[in-house]
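For reference, the chains in residue letters:
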Amino acid sequence: NPRIRDGLSILELSDRYVEYCRTYYPPVNGKPPTEYEHILLALRALLALYADLPAAEFDSLKLETVQESLIAKRLSRHTVNRRIRLIKTMYKWAAKKLLVPITVYQLLCTVEGLRKGRSTAKESEPVLPVAEAHIEAVLPLVAGAVADMIRIQLLCACRPGEIVGLRSTDLDRGGKIWTAELRSHKTAHHGKRRVLYFGPKAQEILQRRLLAVPVGGYLFPPTEYLTERAERAQAQRRHGQKPTPRISDRTLGDCYTVASYRRAIHRACDRAGIPPWSPNQLRHTAATRIRKEFSLDAAQVLLGHSSAAITQVYAEVDSSKALDVIERLG
């Protein structure tokens, strides 16, 4: 096709695609969505090997080379497949925009995803629930905001990324069960809705948080860490101890990220002398409890999972069950 541009490098193509993605996946609460970050990571692997190569000369063998480089970095099979799929998606977009011939994209599609047991890529470790004793050991050793996020996750079975960015204005307190419909979440780019439900025990925590933050502010700000750190250092000095080394205030944002939330828990685990666990495990702990005490369908709604087998009618019935469960669970 004469309209297809010759000589466009993979670096130039990636720049154009990132610019498109920046609009297609706009920031929410000032943060880029997870899908956008995954795209950047996928393109980083591609550019590390083929930045200067003409985009139209990229083929299936070169894509397999990128795949092998990701395996060599000890990434999980699931992560490798996702990043290779995102590279293919960029070429699909490029073919649509007549930046590369459609045959380039078709050739890349012949590279299949890694299958379990058929490659040297490592398998993801299963995410297990956290022992209740290990949760209790961490709670006194983390900042108040982190402790409250842990408690909310246990009561609502939400993802870490859904709780760290929660604002006061996200809450709908008009009913017996409070809700929060999230604008940014794991499956938002698929057009899925995600609603968090808060029962009586969770409402007590959130009510306390609402009184401590400005209207529209994040409910779990990391700035509380500064006050608690100063108080802890003062107490250490009173007892003749050397204060814990300071962490630069510039590292603190308006809200926790999933990574900083996880690091806070890991540091507390080290201080408690227990194996490190991550906030995503709290979701599994809550899910296990809900499924055991109530039902699988109620757990499915509370966790925000979807299935092609569930019709809209059943979704409404399940939502009703979920409201009953969250009221009893707290």
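Residues numbered from 1 in each chain as written. Predicted model: local features only at pLDDT ≥ 70, side-chain atom pairs only at ≥ 80, totals over all residues. Heavy atoms only, no water.

Bringing the packing of aromatic side chains into the picture now. Here the structure, examined in full by the defined rule, presents seven aromatic pairs. Centroid distance Tyr17 to Trp93: 5.3 Å. Interplanar angle 55°. Geometry classified as tilted. Note that Tyr17 is positioned in helix H1 (residues 10–24) and Trp93 in helix H4 (residues 77–96), a separation of 76 residues in sequence. Grouping residues by exposure puts Tyr17 and Trp93 together as buried. In this structure, Arg167 is placed above the aromatic ring of Tyr218, and the distance from its NZ or CZ to the ring centre is 4.1 Å. (Phe/Tyr/Trp six-rings, centres within 6.5 Å; stacked < 30°, edge-to-face > 60°. Helix = DSSP H or I, 4+ residues; strand = E, 2+ residues; numbered from the N terminus. Buried < 20%, exposed > 50% of the residue type's maximum accessible area, 1.4 Å probe, protein only. Lys NZ or Arg CZ within 6 Å of the ring centre and 35° of its normal.)

Checked against the element boundaries, Pro27 lands in the loop between H1 and helix H2 (34–50). The class for Pro27 is exposed, based on a relative accessible area of 54%. Not counting residues within four places of it along the chain, the set of residues in contact with Pro27 comprises Pro32 and Pro33. (Contact = heavy atoms within 4.5 Å.)

Attention now moves to the side chain of Ser9. Relative to the assigned elements, Ser9 resides in the segment before H1. Judged by its relative accessible area of 12%, Ser9 falls in the buried class. Each residue touching Ser9, except ones within four places of it in the same chain, is listed here: Ala51, Asp52, Leu53, Pro54 and Ala55.

Between its terminal C-alpha atoms H4 stretches 29 Å, which fits the 28 Å expected from 20 residues at 1.5 Å a residue. Among the residues trailing H4, Leu98 stands out with phi positive, at a value near 60°. (Expected span 1.5 Å × (residues − 1).)

Moving on to the packing of H2 against helix H3 (residues 60–72). Between two packed helices, both the angle of their axes relative to each other and the distance between the axes serve to describe the pair. Direction vectors running N to C along H2 and H3 enclose 115°, while the axes themselves pass 10 Å from each other. Accordingly, the angle class assigned to the pair H2 and H3 is roughly perpendicular. Helix-helix and strand crossings are classified by hand; for H2 and H3 the assignment is right-handed. From H2, Ala45, Leu46, Leu49 and Tyr50 reach across to H3, where they touch Lys62, Thr65, Val66, Ser69 and Leu70. Its residues assigned to classes, the contact of H2 with H3 shows six nonpolar, two polar and one charged. (Axes fitted to C-alpha atoms, helices over the stretch in contact; angles between N-to-C directions. Parallel < 35°, antiparallel > 145°, perpendicular 65-115°, else oblique. Left-handed = near helix turned anticlockwise from the far one by under 90°. Nonpolar A, V, L, I, M, F, W, Y, C, P; charged D, E, K, R; others polar.)

Across its 15 residues, helix H11 (residues 258–272) extends 21 Å between first and last C-alpha, which sits within 8% of the 21 Å expected from 1.5 Å per residue. The complete set of buried residues in H11 reads Ser260, Tyr261, Ala264, Ile265, Ala268 and Cys269. Downstream of H11 by a residue or two, Gly273 has a phi angle that is positive, lying close to 70°.

With respect to the element layout, Lys88 can be found in helix H4. At 8.6 Å, Glu112 is the nearest oppositely charged side chain to Lys88, a buried residue that forms no salt bridge. The residues touching Lys88, leaving out its near neighbours within four places in the chain, are Leu63, Tyr105, Leu108, Cys109 and Val111. (Lys, Arg positive; Asp, Glu negative; His and termini not counted. Salt bridge = Lys/Arg side-chain N within 4 Å of Asp/Glu carboxyl O.)

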